[in-house]
Each structure stands twice: as structure tokens, then as C-alpha cells.
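One-letter residues, chain by chain:
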Amino acid sequence: MTAMTQLDLCDYTQIRGLLAAADFHFSKAKGQNFLTASWVPERIAQESGVGPGDGVVEIGPGVGCLTERLAARADRVLAYETDEALKPVLAKTLAGQGNIDIIFEDVLRRDLAADAGERLTGLRPVVCANLPYSITSPVLTKLYQARCFQTITVMVQKEMAQRMCARPGGKDYSAFSLLTEWYGEGEILFDVGPECFMPRPKVTSAVVRLKMREKPPADVDEKALFRVIRAAFNQRRKTLVNALDGVCGRATAACALAVCGLDERVRGEALDLAAFAALTTEIGNLSDI
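Residues numbered from 1 in each chain as written. Predicted model: local features only at pLDDT ≥ 70, side-chain atom pairs only at ≥ 80, totals over all residues. Heavy atoms only, no water.

Enquirer: Honestly, the sheet that holds strand β5 (residues 124–130) in this entry has me stumped. Any pointers?
Expert: Consider a sheet: its strands pair through backbone hydrogen bonds, and that pairing is either parallel or antiparallel. Taken in spatial order, the 7 strands make up an open sheet running β4-β3-β2-β5-β6-β9-β7, and their pairing is mixed. Both outer strands of the open sheet, β4 (100–103) and β7 (184–192), are each paired with one neighbouring strand and no more. Neighbour-to-neighbour, the strand axes of this sheet turn through a mean angle of 20°, independent of strand direction. In the sheet, strand β3 (residues 76–80) pairs with β4 via 4 bridges, with the strands oriented parallel. Residue pairing across strands places Y80 opposite I103, the latter belonging to β4. (Pairing = 2+ DSSP bridges. Helix = DSSP H or I, 4+ residues; strand = E, 2+ residues; numbered from the N terminus. Axes fitted to C-alpha atoms, helices over the stretch in contact; angles between N-to-C directions.)

See below:
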């Protein structure tokens, strides 16, 4: 663990010169919104539970305002950044902090489990990041499927946070809600307003903390389960028996629903993960899926 820099990395006036010297321009396509309220990265780092013995993966460090706080708490930080223009900026803002590694590559192209095994050896692997808005869903999916992190704490758009933690019957409940539940148990910690960023986004953000599962919560084929789930939510206005026609045929879907004690008029948004798992198992008993 190392001490933080003397620069206030949330103070845009202090870092403006460094950004200009690097010819850095904010990219909407990359989802770049840098924090300008120092309480936010401090609270994220604190509520993530990161501490001694931890190896932290961060995605999108920006100028390093969260990175330095994580490095002050954890044994090691491994950050991924796609924007090469930030390389000289981060070299200065994080200078002298020997427990930080930065990989200037697209995180979606990396083998996260291999990276964690190689660079965070002997440490508890966790994730803590202010995720770029433009790649939130694919990055979260990749983090989930790496199956090597004990906790994942991320700041995302509030709408996404609500979707991640939604329960059956609500308007935010979706296939991504079920994907998140399959891999972990989540809770929304706090909101962050647009005024805390530069440039200001048009939406409110929220910080979510996930405790990742050691094993799946149901004994069912994962690929088949999410084929059923995706079909249910891709056509969420349809009843399940009709939405699953392209997966297993309407007759099979109707029979499986009946065996599971579900009404033919039920829609996917009414089923919890256990019900989807039972339905998938029964469909598998009746047909190839």
C-alpha cells in the first residue's frame, strides 16, 4: 500500500494542464466522464471493502482518482485503460505508487482470470471501478464469466444498477437481472449525481456491490437456462408459451409450464431464477434445447 499523490485528482483545474499536454480530449464513444467530487471515489473505495491482502482490478482509471485510493488500501491494483493518450497523464498522477499495474488494452480482449492469476498472485481478487457507460453490459458480463472475483463494486448508470438488482414483476426486471443473480448477490449502495463528473452526463449514476457466488444457485445447464431467459425477455409482451415457441416449440413449452405448475398465460417477467431453472430442466426433459 502506498500514499496518495499531492495532486487532487478530482480537481479539474489541477489536472487540466496534464490533460492538455497529453492532447487528451474526452471521448463520448469511450464513455469518459471523470469524477470531480473527491467524496465519491473515497466512498466507493471504502464501501467496496477493499483492504490489505486484496488485489483489485479496475476498468477505466481515467486520471487515477479512484486508482490512488484503491492503491492506498489494497496490496495491488491492476487497471485496464484503452486510451493511450492517458498514458503520460497516469505516469505523472500515479508516480511513485509501486503497487499499481496499468494495462493499456481493451479489457474485453483480455483473459481476466489469467491476468489476475499472474499479476495478483496470492491476493484476494476483487473488482472496483467507475465503469465507462458505453461498455457497461459487456464488461460486467465478462467480469461475471471470469468466475475469479470475490466481490465486484462498480459505478454504473442508475438505470443499469436498478436492472442489475431488480426482482420479478418490476419494470427493471430483465435478462440481465437474472444474469447478475446467477453469478452474485447485489445491492445498490448510493447514488452519484451528474454534477460530480466532467463532462456532466445526462443521467444519475449509482454504485453497486456484488458478492460473487462460489457456485451457481441452481443445478441446471447454464447455456440452456439463458437461452430460455433471453427468449422470454426478448419478447416480454408475449406469454411464455408463445415466447418459447422458437426455442422448443409451443406444445413443449405448454407441457413444461404445466409440469412446473405455471399458467399458460404467465409472462417471463413474473418468474424468478429458481422458476426459470425448473422450467429449463423440464423443457430439457421433453426435448433438445
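Enquirer: In this structure, what is going on with the packing of aromatic side chains? I would like to understand it.
Expert: Two measures describe an aromatic ring pair: the distance that separates the ring centres and the angle between the ring planes. Within the structure shown, the criterion is met by 9 aromatic pairs. Here F233 and F276 contribute two aromatic rings whose centre-to-centre distance is 6.1 Å and whose plane-to-plane angle is 40°, an arrangement assigned as tilted. Note that F233 is positioned in helix α9 (residues 222–234) and F276 in helix α13 (residues 273–286), a separation of 43 residues in sequence. Under the relative-accessibility criterion, F276 is labelled buried at 0%. Members of the aromatic cluster, joined through ring pairs, are F24, F26 and F34. When the ring centre of F104 is taken as origin, the NZ or CZ atom of K87, which lies over that ring, is 5.0 Å away. (Phe/Tyr/Trp six-rings, centres within 6.5 Å; stacked < 30°, edge-to-face > 60°. Buried < 20%, exposed > 50% of the residue type's maximum accessible area, 1.4 Å probe, protein only. Lys NZ or Arg CZ within 6 Å of the ring centre and 35° of its normal.)

Enquirer: Just to check I follow, could you spell out the pattern of salt bridges for this structure?
Expert: Any two side chains of opposite charge can pair, on the condition that their charged atoms come close. One pass over the full model with this rule turns up 15 salt bridges. The salt bridge involving D54 is made with R124; its shortest N-O contact spans 2.7 Å. Of this pair, D54 sits in strand β2 (residues 54–59) while R124 is found in strand β5, placing the two residues 70 residues apart along the sequence. By relative accessible area, which is 4% here, D54 ends up buried. Look at R124 and you get partly exposed, because its relative accessible area is 24%. Through salt bridges with shared partners, a single network forms among E42, E68, R69 and R73. (Salt bridge = Lys/Arg side-chain N within 4 Å of Asp/Glu carboxyl O.)

Enquirer: Sorry if this is basic, but what is going on with the nonpolar core here?
Expert: The tendency in soluble globular proteins is for nonpolar side chains to be buried as a group. Judged by nonpolar contacts, the single largest core of 60 residues is most densely connected at I59, Y144, M164 and L244. Considering each element in turn, this core owes the most residues, 7 residues, to α9. Excluding anything up to four places from it in sequence, M164 contacts L140, Y144, V154, V156, F176, S177, T180, V208 and L210. F34, L66, L86 and C196 belong to the second largest nonpolar core, which has 37 residues in total. (Core = buried A, V, L, I, M, F, W, Y, C linked by side-chain atoms within 4.5 Å. Contact = heavy atoms within 4.5 Å.)

Function cannot be inferred from these measures alone, as they are strictly geometric.
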